[in-house]
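# Inside the fold
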Amino acid sequence: MSIGLTLVFLTLLQVYYGILALRFITGAGLKPWQALVPFYNIYIMTKVIQRPWYWTILAILPVVGNIMMVVIFFELMHMYRIASIKNTVLGTITFGLYFGYLAFSSDLKYQERDIKIIRKYISEGFASIVFAIVAATLIRAYTFEAFTIPTPSMEKSMMVGDFLFVSKLQYGSRLPMTPFSLPLMHNKIPFTEVKAFSDVVTFPYIRLPKISEVQRFDPVVFNYPMEDEYPVDKREHYVKRCVALPGDTLQIKDGQIIVNGSFAELPARTIRQFQYFVRTKGRLNTNGLKERFDINTGAGAQDIFPIRLLKQVAENQGRQLSRPLNIPQGYDDYIVTISDEAIDQFSAIPNIDTIFRLNYKLGQKDIPASLKVYYQDFLGDENRIFPPSINYKWTRDNFGPIHLPSAGSSVELTINNYHLYQRIIEVYEGHTFEINTPREQGGAHTFLIDGEAQTEYTFAQNYYWMMGDNRHNSLDSRYWGFVPEDHIVGRPAFIWMSYDKYGEGIMNKIRFDRVFTTVSGDGERTSYFWPFAIIVALGYGFNYFRKKKKGAA
């Protein structure tokens, strides 16, 4: 829906509310026209129910407004003493029609607001819950939202079990695009497969003023671009690091990021992880790896994988390995995920015979046979790397160069970049994009956008490149491409809790060095947990003694 259509829809919606409330408004001695002026009529309703003016703003905002209009109509009915739980429920499930029916069919007599009568139907506790939901929805939609890190794609910078507050103010709060959504829910009702929203009406992308633009190497929360079955703001949330901005040229060479011709200098607190091929004499002793190198070895951990298990994995999948593993007798081969901080000490383990970082290139020959099987049978990057074309011989470790489009920039359309920009043109910017292959050999390809022949395309919005710090265990832009600007949600700001499911003992389950710390910043991570705990304790103590003193008086 365009901005123009959105304004028309909102105007008609306010007129609809005014028609439903017409007799409630005129019964209070006001003029009929006041009920029919869009947006102003909501203010008039707040005057009728003797509520503060700022309720008007709350009633107009997407998502929050749905709750507020139910509350307003309940209180309108109360002013005429026809409010009840039954009438409120019927009015809600009939999209307001029952409110209008009551207004036009009842003998209305306007009376003053009486909180005692309201409390017969709505307890103080329930009213507090409703307005807590309104407040939480406002905060969640426009300022900060709580997230958890579910996958290890950003280890060890942001870890599985980190509970974050993400600032939506940093890059400008994005107005909700699906106005008819259940509050405090994302795309599904918890524990069900039922959608928590209706996409019959969707609003266009509008962003409020921002504190800053997305900066290169910022950690960023965004909506996963590949979930076409959902509206943009209801797609799953991902968190990665923005390694390239609109207008940048990005390349990955032997696992190292190059932006605009220079190797990337990552900010403080960025801890990269890579997978390493490790060959040991005998088995690798996993005891103490967690304590010494923070390598997870418990059930379900993905940090260490014995390559000898590939045969068992293949059999479980009903297939056979493409070739023998050929692990030398008396040795064992592993794929181990290790951080840059720990690799030097890990390499010094006595029975390690060979260790090197994985650097996947198509057609590699000078690597151990077991690693070739791992690459060919289980990695398969060449089958799913971006873009989906055999013309690009790119892998997760050797990728690009690729240029990121910026709003207003143009690109010449060629057969070589058709697959690079196809999804942008068709999905993110909503055009049809076709290619006509020449009948004669050597003839030129013709590109049709919305049915018209074009030689170049001008991009409507900015695009970013997102990658995980855990380079070999991250589903990111290398696999699905560009992230549009309208998918940007916010910046991780604060870790308020961090739980390590692989920690042994209760004291090791909580990562106290991460609790109440900022996500980004210079120098060592500083926890503000104990200062916060002391302030809270002093506050409770002050209130306790103040109440005790009042009681004694």
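A brief report on the enclosed structure follows. (Residues numbered from 1 in each chain as written. Predicted model: local features only at pLDDT ≥ 70, side-chain atom pairs only at ≥ 80, totals over all residues. Heavy atoms only, no water.)

### Description of the sheet that holds strand β16 (residues 452-454)
By way of backbone hydrogen bonds, the strands of a sheet pair with one another, either parallel or antiparallel. Strand order in the open sheet made by the three strands is β14-β15-β16, with antiparallel pairing throughout. What marks the edges here is a single partner per strand, and that holds for β14 (433-436) and β16. Sheet twist, expressed as the average angle between the axes of neighbouring strands with direction ignored, equals 40°. In the sheet, strand β15 (residues 446-449) pairs with β16 via three bridges, with the strands oriented antiparallel. Each bridged residue has a counterpart across the sheet, and for F447 the counterpart in β16 is Q454. Seen against the sheet, helix α15 (residues 418-428) touches β14 and β15 and runs at an angle of roughly 145° to β14. (Pairing = 2+ DSSP bridges. Helix = DSSP H or I, 4+ residues; strand = E, 2+ residues; numbered from the N terminus. Axes fitted to C-alpha atoms, helices over the stretch in contact; angles between N-to-C directions. Contact = heavy atoms within 4.5 Å.)

### Here's the deal with the pattern of salt bridges
Going through the model one piece at a time under the given rule, you end up with 24 salt bridges. E193 serves as the salt-bridge partner of K188, at 2.6 Å between the closest nitrogen and oxygen. Judged by its relative accessible area of 29%, K188 falls in the partly exposed class. Across the pair R272 and D340 runs a salt bridge whose closest N-O atoms are separated by 2.7 Å. Here D340 lies in the loop between β10 (331-339) and α13 (343-347) and R272 lies in the loop between β7 (262-263) and β8 (273-281), a separation of 68 residues in the sequence. For D340, a relative accessible area of 29% translates into the label partly exposed. Three or more residues are tied together by salt bridges with common partners; here these are E155, K156, D162, K290, D294, D500, R511 and R514. (Salt bridge = Lys/Arg side-chain N within 4 Å of Asp/Glu carboxyl O. Buried < 20%, exposed > 50% of the residue type's maximum accessible area, 1.4 Å probe, protein only.)

### Remarks on the packing of helix α1 (residues 3-20) against helix α8 (residues 97-105)
Contact geometry of α1 with α8 gives a least axis separation of 8 Å together with a crossing angle of 35°. Touching Y16, I19 and L20 of α1 are L97, F99, G100, A103 and F104, all from α8. Split by residue class, the contact of α1 with α8 holds seven nonpolar, one polar and no charged. (Nonpolar A, V, L, I, M, F, W, Y, C, P; charged D, E, K, R; others polar.)

### Side note on empty space enclosed by the protein
Counting across every chain of the model gives three cavities of 30 Å³ or more. In this structure, the largest cavity is lined by 21 residues; those nearest its centre are R140, A141, K168, P176 and D233. The element best represented in the lining of the largest cavity is helix α10 (residues 124-142), accounting for three residues. Looking at side-chain class alone, the lining of the largest cavity contains ten nonpolar, five polar and six charged residues. By volume, the second largest cavity is sized at about 50 Å³. Lining the second largest cavity are Y171, R207, K210, E213, V214, Y464, E485 and I488. Here the residues of the lining of the second largest cavity are counted per class, giving four nonpolar, no polar and four charged. (1 Å grid on protein atoms, 1.4 Å probe; cavity = no way out; pocket = protein on both sides within 12 Å on 5 of 7 lines; lining within 4 Å. Points joined across faces, edges and corners; volume = space filled by probe spheres on them.)

### Notes on the nonpolar core
If you look at the biggest cluster of nonpolar residues, it comprises 44 residues, and the most contacted ones within it are L250, F399, I402, W465, F482 and I488. Setting aside residues no more than four positions away along its own chain, L250 makes contact with V243, A244, I257, I258, F399, G400, P401, I402, L404 and W465. Listed in part, the 38 residues of the second largest apolar core include M45, V48, F74 and V134. (Core = buried A, V, L, I, M, F, W, Y, C linked by side-chain atoms within 4.5 Å.)

### A few points about the sheet that holds strand β11 (residues 352-357)
In space, the four strands of this open sheet follow the order β9-β10-β8-β11, with antiparallel pairing throughout. Strand pairing shows two members of the sheet lacking a second neighbour, β9 (304-306) and β11, which therefore form its edges. Strand-to-strand twist across the sheet, computed as the mean angle between neighbouring axes with direction ignored, equals 20°. Examined bridge by bridge, β9 and β10 share three bridges and lie antiparallel to one another. Bridge assignment links F305 to a residue of β10, and that residue is I335.

### Quick look at the layout of surface pockets
In this structure, the largest pocket spans a volume of roughly 1200 Å³. In terms of lining residues, the largest pocket is bounded by 40 residues, among which N66, I67, V70, V71 and T92 are the most central. When residues of the lining of the largest pocket are traced back to their parent elements, those giving at least two are α1, α6 (64-79), α7 (85-93), α9 (115-121) and α10. Counting residues per element, the lining of the largest pocket draws most heavily on α6, at eight residues. Its residues assigned to classes, the lining of the largest pocket comprises 28 nonpolar, seven polar and five charged. Roughly 800 Å³ of internal volume is contained in the second largest pocket. Lining the second largest pocket are 24 residues, with K156, M159, D294, E341 and D513 positioned closest to its centre. In terms of residue class, the lining of the second largest pocket is built from five nonpolar, five polar and 14 charged.

### Quick look at the packing of aromatic side chains
This structure, assessed with the given rule, holds 44 aromatic pairs. Judged by centre distance (6.2 Å) and plane angle (25°), the ring pair of F165 and W496 falls under stacked. In this pair, F165 is assigned in strand β2 (residues 162-167) and W496 in strand β20 (residues 488-498), connecting sequence segments 331 residues apart. A centroid spacing of 6.2 Å and a plane angle of 35° characterise the contact between Y428 and Y463, whose relative ring orientation is tilted. Of the two residues, Y428 sits in helix α15 while Y463 sits in strand β18 (residues 463-467), which places them 35 residues apart along the sequence. The same class applies to Y428 as to Y463, namely buried. Three or more aromatic residues joined by ring pairs make a cluster, and in this case those are F386, Y392, W394, F399, Y421, Y428, Y457, F459, Y463, W465 and F482. Sitting over the ring of F378, R319 keeps its end group 4.6 Å from the ring centre. Over the face of the ring belonging to F274 we find R357, whose NZ or CZ atom lies 4.2 Å from the ring centre. (Phe/Tyr/Trp six-rings, centres within 6.5 Å; stacked < 30°, edge-to-face > 60°. Lys NZ or Arg CZ within 6 Å of the ring centre and 35° of its normal.)

### Quick look at the packing of α1 against helix α4 (residues 40-48)
Between α1 and α4, whose axes approach to 9 Å, the crossing angle comes to 35°. The handedness of the crossing between α1 and α4 comes out as left-handed. Contacts between α1 and α4 involve Q14, V15, Y17 and G18 on the former and, on the latter, N41, I42 and M45. Grouping the amino acids of the contact of α1 with α4 by side-chain chemistry returns four nonpolar, three polar and no charged. (Left-handed = near helix turned anticlockwise from the far one by under 90°.)

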